[in-house]
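So the chains spell out like this:
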Amino acid sequence: MKFIEFASVCEKIEGTTSNLEMTKIVAQFLKNADDLEIVTRFIIGSVFPAWSPEELGVGPSLLYNAVSMSTGVKEAQVKDMVRNLGDTGLTCEKLCEKRVQRTLLPTELTTMQVYKNFEAIARTTGKGSQKKKAKMLADLFGSAKPKEARYIARLVLEELRIGVGEGIVRDAIALAFDVPKNEVERAYMLTNDLGMVAATAKKGVKELKKLDITPGRPVKMMLAQVAKSMESAIDEMKEAAIEWKYDGARVQIHKVNDDVTLFSRRLENVTKSLPDVTDVIRDVVVYKQVILEGEAIAIGEDGRPRPFQDILKRFRRKYDIGQMVKEIPLHLTLFDALYVNGKSLIHKPLSERRRVLEKSLKKKEDPKINVTPQTVTNDVKVVEGIYKEALSAGHEGVMLKNPKSAYTPGKRGKNWLKVKPMAETLDLVVTGGMWGEGRRANFIGSYLLACRDPATGDLLSIGRVGTGMTDEQLAELTGLFKDLIVSEKGKDIELKPEIVFEVGYEEIQKSPNYDSGFALRFPRLISIREDKSVEDADSIERVQELYKMQ
Ligand code: AMP
């Protein structure tokens, strides 16, 4: 497929506001597309499947450098234009209009060529790689028509800005290939790759139904709801399986013989950062092929869990990993089994999955790994006892799980309920910011927060957080957000919605000033939830619920 066709469809969608209309355009496009896996990912602004360890490694400055190389316009000027136009894509388009297209590639750009170029850029690592990446990208711009440049730039930043999210693409796949929406959804939850789902749906519903859990590909994780109370939870479940809710980070473990792959809650491949965990899995897990889930925890010298940020340091570490393993040793507590020796277990009840899990370790006692202790009970007093134990050990609370329930990928349902002390916080998406003033002029001084509207996929603003932070914290945060700046107007900054803040507050108030209709009184940043993605952030319903509970 010619890349210009992809660019034209994006442009058409950009001029559309109705979700239904967008779905129809995307469906028509997918129906006629070859390179289906690639263009399906492209249309939601991603180059590689979410689970793939490959990443482009190109931030805005490298992109500006490449455009400057390709068009001869100075980098500072490119930056100024981005500031004025509020969009890198449009800037690249405008700049390419002014230069003569150098057709380095023999024919018109195809989606496959663009993808292959991206792949080569992603695979360029090590010393001098930044320069090489910029040169490769400059060559790509050199061969692109202005409109193509707009979408190449946006793809590089993985922000297509055409308003097409996963939901629209899922509906479009169903429409294009005449397959049921729920089958598309199911296949996506199990494979995490819309490209693959689209290509399979094209072969028909029979093939789509065959898509299943595959060791090596992450499954969207089952999530927990907040329990109204222990009593109501027990009432509803009759009998509940109670486990501590550990203060750690979730891991999904895929083992095929000696090959072990680890995924974080955001389904990032974190295998390389956690060699101690892969080693222990290889040593003590008896099954040849298995997918397990558990919580990685770090216990300090005082016997209590270390701060969550310490665990994240382990997950994110890319160099000197050996040193980090020594500094922050991890312990893994396993609470679920999703697949064993060729068979998916997700439709089996928890009690049955638990039996498989209990047989998974060679030895019961190991300082690095265990199966999470579990008590099945219908007695609220017993639950309270376990809750107190968990809290006094420094963990978060308890999980009450329905022993009869299946594992529902990606769903936050009633079958897993969490109980933790009140003082609820909100997990909110950072969508914007504002440069500080005076001494703080080089820092982003406050951040705009938003909750999700699951019905439309929109992010609804709910307030700003900023006061009460030290200069040091502000500098650190500015560093973190620098590469996410999408556009700037005066002091206002639009940020790519990627980072989730856990925010404490004193009260939720009604407010006409924000899209959500609510504002937070005295909001304060508690932590950066690096284990959560935008889809995991709290919804407007959750805000309404908390508002009512006040
Ligand atoms: P939350 O992040 O507050 O939505 O709570 C759900 C998270 O609790 C899961 O994603 C796990 O990382 C964590 N967790 C801790 N202990 C358990 C457990 N026993 N079972 C399931 N999840 C647990």
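Refer to the structure above for everything that follows.
To start, this report covers the structure provided alongside it. Just so you know, these numbers come straight off a predicted model, no measurement behind them. (Residues numbered from 1 in each chain as written. Predicted model: local features only at pLDDT ≥ 70, side-chain atom pairs only at ≥ 80, totals over all residues. Heavy atoms only, no water.)

Let's talk about the overall build of the protein
Turning to step 1, where the next piece is worked out: Within the protein, the secondary structure is distributed over 21 helices and 20 strands.
Turning to step 2, where the next piece is worked out: At 24 Å, the protein has a C-alpha radius of gyration in line with the 24 Å of a compact globule built from 550 residues.
Turning to step 3, where the next piece is worked out: In terms of overall dimensions, the protein has C-alpha extents of about 75 × 60 × 50 Å along its principal axes.
Turning to step 4, where the next piece is worked out: Expressed as a percentage of the 550 residues in the protein, the buried residues total 55%.
Turning to step 5, where the next piece is worked out: The contacts of the protein with a sequence gap of at least 6 include a subset with a gap of at least 24, amounting to 72%.
Turning to step 6, where the next piece is worked out: Accessible surface computed for the protein: about 25,500 Å², of which carbon and sulfur atoms make up 50%. (Helix = DSSP H or I, 4+ residues; strand = E, 2+ residues; numbered from the N terminus. Rg over C-alpha atoms; globule rule 2.2 N^0.38 Å. Buried < 20%, exposed > 50% of the residue type's maximum accessible area, 1.4 Å probe, protein only. Contact = heavy atoms within 4.5 Å. Areas by Shrake-Rupley, 256 points an atom, 1.4 Å probe, with all protein chains shown as cover.)

Some points on the state of the cysteines
Turning to step 1, where the next piece is worked out: Throughout the structure, instances matching the rule amount to 0 disulfides.
Turning to step 2, where the next piece is worked out: Of all cysteine sulfurs, the one in Cys-92 lies closest to Cys-96, which takes part in no disulfide; the gap is 6.4 Å. (Disulfide = S-S within 2.5 Å.)

Notes on the packing of helix α1 (residues 3-14) against helix α2 (residues 19-32)
Turning to step 1, where the next piece is worked out: Where α1 contacts α2, the axes come no closer than 10 Å and their chain directions differ by 170 degrees. Judged by the angle between their axes, α1 and α2 are roughly antiparallel. Along the contact surface, α1 presents Phe-6, Val-9, Lys-12 and Ile-13, while α2 presents Met-22, Ile-25, Val-26 and Phe-29.
Turning to step 2, where the next piece is worked out: Considered class by class, the residues forming the contact of α1 with α2 number 7 nonpolar, no polar and 1 charged. (Axes fitted to C-alpha atoms, helices over the stretch in contact; angles between N-to-C directions. Parallel < 35°, antiparallel > 145°, perpendicular 65-115°, else oblique. Nonpolar A, V, L, I, M, F, W, Y, C, P; charged D, E, K, R; others polar.)

Comments concerning the side chain of Ser-405
Turning to step 1, where the next piece is worked out: Take Ser-405: it is sitting in the loop between β10 (397-401) and β11 (412-419).
Turning to step 2, where the next piece is worked out: In terms of polar contacts, Ser-405 uses its side chain to reach the backbone carbonyl oxygen of Asn-402, at 2.7 Å.
Turning to step 3, where the next piece is worked out: For Ser-405, the contacting residues outside a window of four places in its chain are Lys-348, Pro-349, Leu-350, Arg-353 and Asn-415. (Polar contact = N/O pair within 3.5 Å; in protein donor to acceptor, adjacent residues only side chain to side chain.)

What about the packing of aromatic side chains?
Turning to step 1, where the next piece is worked out: The full count for this structure, using the stated rule, is 13 aromatic pairs.
Turning to step 2, where the next piece is worked out: For the pair Tyr-447 and Phe-501, a centre-to-centre distance of 5.6 Å together with 70 degrees between the ring planes defines the contact as edge-to-face. Here Tyr-447 is found in strand β13 (residues 444-453), whereas its partner Phe-501 is found in strand β17 (residues 500-504), with 54 residues between them in sequence.
Turning to step 3, where the next piece is worked out: Look at Tyr-447 and you get buried, because its relative accessible area is 0%.
Turning to step 4, where the next piece is worked out: Exposure remark for Phe-501: the relative accessible area of 0% places this residue in the buried category.
Turning to step 5, where the next piece is worked out: In textbook terms, an aromatic cluster arises when at least three aromatic residues are bridged by ring pairs, as seen for Phe-3, Phe-6, Phe-29, Phe-42 and Phe-118.
Turning to step 6, where the next piece is worked out: The aromatic ring of Tyr-319 is capped on one face by Arg-317, whose charged end is 4.8 Å from the ring centroid.
Turning to step 7, where the next piece is worked out: Taking NZ or CZ as reference, Lys-401 lies 4.2 Å from the ring centre of Trp-416, over its face. (Phe/Tyr/Trp six-rings, centres within 6.5 Å; stacked < 30°, edge-to-face > 60°. Lys NZ or Arg CZ within 6 Å of the ring centre and 35° of its normal.)

Digging into the pairing of strand β3 (residues 249-256)
Turning to step 1, where the next piece is worked out: Burial analysis of β3 places 7 of its 8 residues in the buried class, which makes it a mostly covered element.
Turning to step 2, where the next piece is worked out: Relative to strand β5 (residues 289-297), β3 runs antiparallel, the two being bridged by 8 bridges. In the strand pairing of β5, Gln-252 is matched with Glu-293.
Turning to step 3, where the next piece is worked out: Looking at chain direction, β3 and strand β4 (residues 259-264) are connected through 6 bridges and run antiparallel. Of the residues in β4, the one forming a bridge with His-254 is Thr-261. (Pairing = 2+ DSSP bridges.)

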